[in-house]
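Spelled out, the chains give:
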Amino acid sequence: MGRGLTLLLLPLALLAAVAQAEGGTAAAAAEVKIEVLHLPEVCSPKSKRGDLLNAHYDGFLASDGSKFYCSRTQNEGHPKWFVLGVGQVIKGLDVAMMNMCPGEKRKVIIPPSLAYGQQGYAQGKIPPNATLIFEIELYAVNKGPRSVEAFNKIDKDSDKKLSELEISQYLKEEFARDGKKRHPSVHDEILADIFKKNDHDGDGFISAKEYNVYQHDEL
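Residues numbered from 1 in each chain as written. Predicted model: local features only at pLDDT ≥ 70, side-chain atom pairs only at ≥ 80, totals over all residues. Heavy atoms only, no water.

Before going further, it helps to examine the nonpolar core. Among the nonpolar cores identified, the biggest contains 26 residues, and Leu93, Met97, Ile110, Leu132, Phe134 and Ile136 are the most heavily contacted of them. Ranked by the residues each element gives to this core, the list is headed by strand β6 (residues 132-142), at five residues. If near-sequence neighbours (up to four positions away) are discounted, isoleucine 110 is found in contact with Val32, Ile90, Gly92, Leu93, Ala115, Ala130, Thr131, Leu132 and Phe134. Among the nonpolar cores identified, the runner-up in size contains 15 residues, and Leu162, Tyr170, Ile206 and Ala208 belong to it. (Core = buried A, V, L, I, M, F, W, Y, C linked by side-chain atoms within 4.5 Å. Buried < 20%, exposed > 50% of the residue type's maximum accessible area, 1.4 Å probe, protein only. Helix = DSSP H or I, 4+ residues; strand = E, 2+ residues; numbered from the N terminus. Contact = heavy atoms within 4.5 Å.)

So, in structure tokens, the structure goes:
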């Protein structure tokens, strides 16, 4: 399944968590300390909530400087892809990587409250109440799966709502793009799941509002 399709099908509960976190964003930003290590001459585009980012980052314990994570040792050394601001990384990183451009490097200090808190993360060798340091290098800022552009691409008749036929066609195009063989029933199961999670008023369409979990003004 293509990256864009996979992200489109993320559980809506995860995506909707953005709205619940809105109130604490300003306070969280004040708690994260950011040092810009390198800034390109042309710093554009700037990352924002809902964008799809590609980055490498190393994580260290502030207490002794020991490294607990290195993205270069994961996924055959490829940079990590994630959607910014929806909880796919710890909250402190969601905050620390806002308004960042491709080629930029940052060193950030994240308090326990925006990392793993009192419980820590034993599997990741992070003790309770640990302050974390990350060194981040951002490679790409792309439109996220719930962007205006993505909606308009699926909305073939430009009526500001997505029909089963339009989403079905989009799925077929994504399946053809990634080239993987699938049983025909997979298409129907995914289509049904999309409408179950997104067609909140049950009218057989996914409106711009139902699709738009990131609340873009353009939709």
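From this point, things continue past the structure.
This brings us to the state of the cysteines. In total, this model carries one disulfide according to the counting rule given. Two residues share a disulfide in this structure: cysteine 43 and cysteine 101, whose sulfurs sit 2.0 Å from each other. Disulfide cysteine 43-cysteine 101: torsion about the S-S bond near -105 degrees, hence left-handed. Taken together, the residues span a long stretch of sequence, with cysteine 43 in the loop between β1 (33-38) and β2 (52-61) and cysteine 101 in the loop between α4 (91-96) and β5 (105-110) at a distance of 58 residues. In this pair, the class of cysteine 43 matches that of cysteine 101, namely buried. (Disulfide = S-S within 2.5 Å.)

Within the secondary structure, serine 163 sits in the loop between β7 (161-162) and α6 (164-178). What makes serine 163 buried here is its relative accessible area of 16%. Once you skip the residues sitting within four places of it in the chain, serine 163 turns out to touch Phe195, Gly204 and Phe205.

With the rule as written, the count across this model stands at four aromatic pairs. Note on tyrosine 57 and tyrosine 69: the rings are 5.5 Å apart at their centroids and 35 degrees apart in plane angle, and the pair reads as tilted. Residue tyrosine 57 is found in strand β2, and its partner tyrosine 69 is found in strand β3 (residues 67-70); the two are separated by 12 residues along the sequence. Tyrosine 57 gets classed as buried once you look at its relative accessible area, which sits at 5%. When its relative accessible area of 24% is taken as the criterion, tyrosine 69 is described as partly exposed. Three or more aromatic residues joined by ring pairs form one cluster here, namely Tyr57, Phe68, Tyr69 and Phe134. (Phe/Tyr/Trp six-rings, centres within 6.5 Å; stacked < 30°, edge-to-face > 60°.)

Applying the stated criterion to the full structure yields five salt bridges. With a closest N to O distance of 3.8 Å, aspartate 58 and arginine 72 form a salt bridge. Separated by 14 residues along the polypeptide, aspartate 58 in strand β2 and arginine 72 in the loop between β3 and β4 (80-83) bring together distant segments of the chain. With its nearest N and O atoms 3.5 Å apart, the salt bridge here joins arginine 72 to glutamate 137. With arginine 72 in the loop between β3 and β4 and glutamate 137 in strand β6, this pair connects stretches of sequence that are 65 residues apart. (Salt bridge = Lys/Arg side-chain N within 4 Å of Asp/Glu carboxyl O.)

The share of residues in the protein with pLDDT of 70 or more is 81%, and the mean pLDDT across the chain is 82. The lowest-confidence element of the protein is helix α2 (residues 12-21), averaging 36 in pLDDT; the highest-confidence one is β5, averaging 98. Here residues 1-23 is modelled with pLDDT under 50, and outside its nearest four sequence neighbours on either side it reaches 46 contacts, counting other chains as well. This model gives residues 213-219 a pLDDT under 50, and the stretch forms 21 contacts once residues within four places in sequence are excluded. (pLDDT = per-residue confidence, 0-100.)

Secondary-structure assignment places histidine 187 in helix α7 (residues 184-198). At a separation of 3.2 Å, a polar atom in the side chain of histidine 187 contacts the side chain of aspartate 188. Here histidine 187 is in contact with Ser168, Leu171, Lys172 and Phe175, once residues within four sequence places are set aside. (Polar contact = N/O pair within 3.5 Å; in protein donor to acceptor, adjacent residues only side chain to side chain.)

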